[in-house]
Structures are given as C-alpha cells and as structure tokens.
Amino acid sequence: MDFLTANYHTHTPLCQHAYGSEREFIEAAISMGIKKLGFSDHIPCPYKDGYVSGIRMTMEQAPEYVAKLRRLGAEYKNEIEIYVGFEAEYLPEFYEEQMIMFYQLKCDYLIMGQHFTQSEKKGPYSGTPTNDESRIRDYVDSIIAGMKTGSFCYLAHPDIICYEGLDSVYEWEMTRLCRELKEMNIPLEMNILGMGAGKHYPNEHFWKIAGEVGNSVILGLDAHCLEHLTDVNSYRKCIDLVDKYNLNLINELHF
Ligand SMILES: [Zn+2]
Ligand SMILES: [Zn+2]
C-alpha cells in the first residue's frame, strides 16, 4: 500500500478531543503498514492558578500516559515500533517544568505545535484569522526561540498561523521561519489531518516558500481518531503538493 511507513503525530483520548483507544490506534497503524508509530499527545502545562485545560491531559496523568504506551509497545513489538513523546507549544513559562517531566518519564521525543504563543488562557489560537502583523511575527519568533533549545525534532503544521494581511508580510515572515529551521536542520510537517478536514493548512503559499528555501519535509497524520490513521486520500493529496513544490521529503526520524 502506498502510505506512510512512519508517523510521529498521534494523539490519545487524554487530550479530551481524540476518540478511540491507544490499542485501536496501534492496530489500525499495523493494518496500514506503518512500521513506526509515535504518540505525541498535547503536552500538559503546569498552571499555577488551578486552571484546568479542556484540550490536554493534566501533569498528573502524564506518567500513566507513558506507562500505558510502553506496555502496548512491548506487547506489539514484533509488529510495530511504538515511540512516546508530546506535541508541545514552546512557552517559556512552562518549558522548564515540562522538560523535567519529559526526562523523568524517559520520553523519546518532542514535536513542536505552536497552537498558542502564550498560555492558552490568554490566547489567541494561532489558527484564528488575523491581519495583525505582530501576530505572525510573534509566531515566527516564538518558534525560532523554541527550536534553539534543541528539544524539538520537528515543527508540526508550520502553516497553522492564519495571517490574512499583506502577501509580502506573509512571505517575509515565512521565509525567515523556513531559513532558520533549515539552518538548524529541523524538518517541517505537512499535516494530513488539515488536508482531510479542509482546514486552512496545508497552505500552498507556505509550501511554495519551503520548496524554494529547500527545507526537509515530513508528513504527519495528526491522528485524533481511527479514520485519521487510514486516510489514504488525504495522504495522496499531500504527496501531490510535495511533488508540485519539489519538496525534500523524509520518511523517518532518528532520535
Ligand atoms: Zn489536538
Ligand atoms: Zn497534533
């Protein structure tokens, strides 16, 4: 089957907006010929004021998240390799505590998904349409600052920022993002879920820029349910974009 052999972007029901069990996800991946499956559920944030997020697990749930996936990884080890990590925003107010948790739980990897450039309580969501230049500039600045830590192995949906102002500003900021990440040798993820769900990403303007800069590109399912793990149609549409913009596709990561 023409499909991914590795996917590093898989969620679990702990984030409260994903459906299906971890076991079902693993079995679906095996049936699709995936050999390496990475779980990267939304990272918990250590809020100081008792705030409870409706879109991620709590810090207290993280140990069981990892332990459960390690048990399943051992059980299915002859059929598939299971990796455990998180999808994280880079937010300096939480970063240090999150990294302590990451090392204590002996996780395998982090991907960055900059859904917010400050705590989600303050918002706004990066995908909210805006004409405000400062929003796209902050988005790019926060990603570059986070990537400089060396903690993240790729950037999920780099084109989640929904800037609808001047094309010249979009081009300037996204070229800056692509060049910096190329310099650091960090792949960009083309998001298959976004394609299937008809979201504003993958954004062709962005991928044209990434093609010109010459970034490495990896596909990610961003699976929040079983259907996302078997969406061959959207995978093919992404491959068409990869071909159209002459993108440098990589299939696997090495941690
Ligand atoms: Zn999610
Ligand atoms: Zn995700």
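Located above this text is the structure these notes cover.
Residues numbered from 1 in each chain as written. Chains lettered and ligands numbered in written order. Predicted model: local features only at pLDDT ≥ 70, side-chain atom pairs only at ≥ 80, totals over all residues. Heavy atoms only, no water.

Visitor: Got a sec to walk through the environment of Gly220? Specific residues and values, please.
Guide: By the secondary structure assignment, Gly220 is in strand E6 (residues 216–220). Judged by relative accessible area, which is 0%, Gly220 ranks as buried. Considering only alpha carbons, one finds Gly220 and Met99, 121 residues apart in sequence, at a separation of 23 Å. If we ignore the near neighbours within four places in the chain, the residues touching Gly220 are Asn7, His9, Tyr154, Glu189, Met190, Asn191, Ile192 and Leu193. (Helix = DSSP H or I, 4+ residues; strand = E, 2+ residues; numbered from the N terminus. Buried < 20%, exposed > 50% of the residue type's maximum accessible area, 1.4 Å probe, protein only. Contact = heavy atoms within 4.5 Å.)

Visitor: Quick one: what's the story with helix H4 (residues 133–147), residue by residue and with numbers?
Guide: For H4, which comprises 15 residues, the first-to-last C-alpha distance of 22 Å matches the rise-based estimate of 21 Å (1.5 Å per residue) to within 8%. Within the span of H4, buried status applies to Arg135, Ile136, Tyr139, Val140, Ser142, Ile143, Ile144, Gly146 and Met147. In this fold, the buried residues of H4 make contact with strand E4 (109–112) and helix H5 (167–183). (Expected span 1.5 Å × (residues − 1).)

Visitor: How would you sum up the pairing of strand E2 (residues 36–42)? Please name residues and give values.
Guide: Across the 7 residues that make up E2, a large majority, 7, are buried. Bridge count between strand E1 (residues 6–7) and E2: 2 bridges; the pairing is parallel. Counterpart to Asn7 in the pairing with E2 is Leu37. Handedness of the crossover joining E1 and E2 through helix H1 (residues 22–31): right-handed. Judged from the 7 bridges that link them, E2 and strand E3 (residues 81–88) form a sheet pairing that is parallel. Looking across to E3, one finds that Lys36 is bridged to Glu81. (Pairing = 2+ DSSP bridges. Right-handed = clockwise from strand over helix to strand, strands pointing away.)

Visitor: Which residues make up the pattern of salt bridges, and what values do they have?
Guide: Charged atoms that come close allow side chains of opposite charge to pair. Under the criterion given, the structure shown has 16 salt bridges. Across the pair Glu64 and Arg71 runs a salt bridge whose closest N-O atoms are separated by 2.8 Å. What you see here is one network of salt bridges that share partners, running through Lys36, Glu81 and Glu252. (Salt bridge = Lys/Arg side-chain N within 4 Å of Asp/Glu carboxyl O.)

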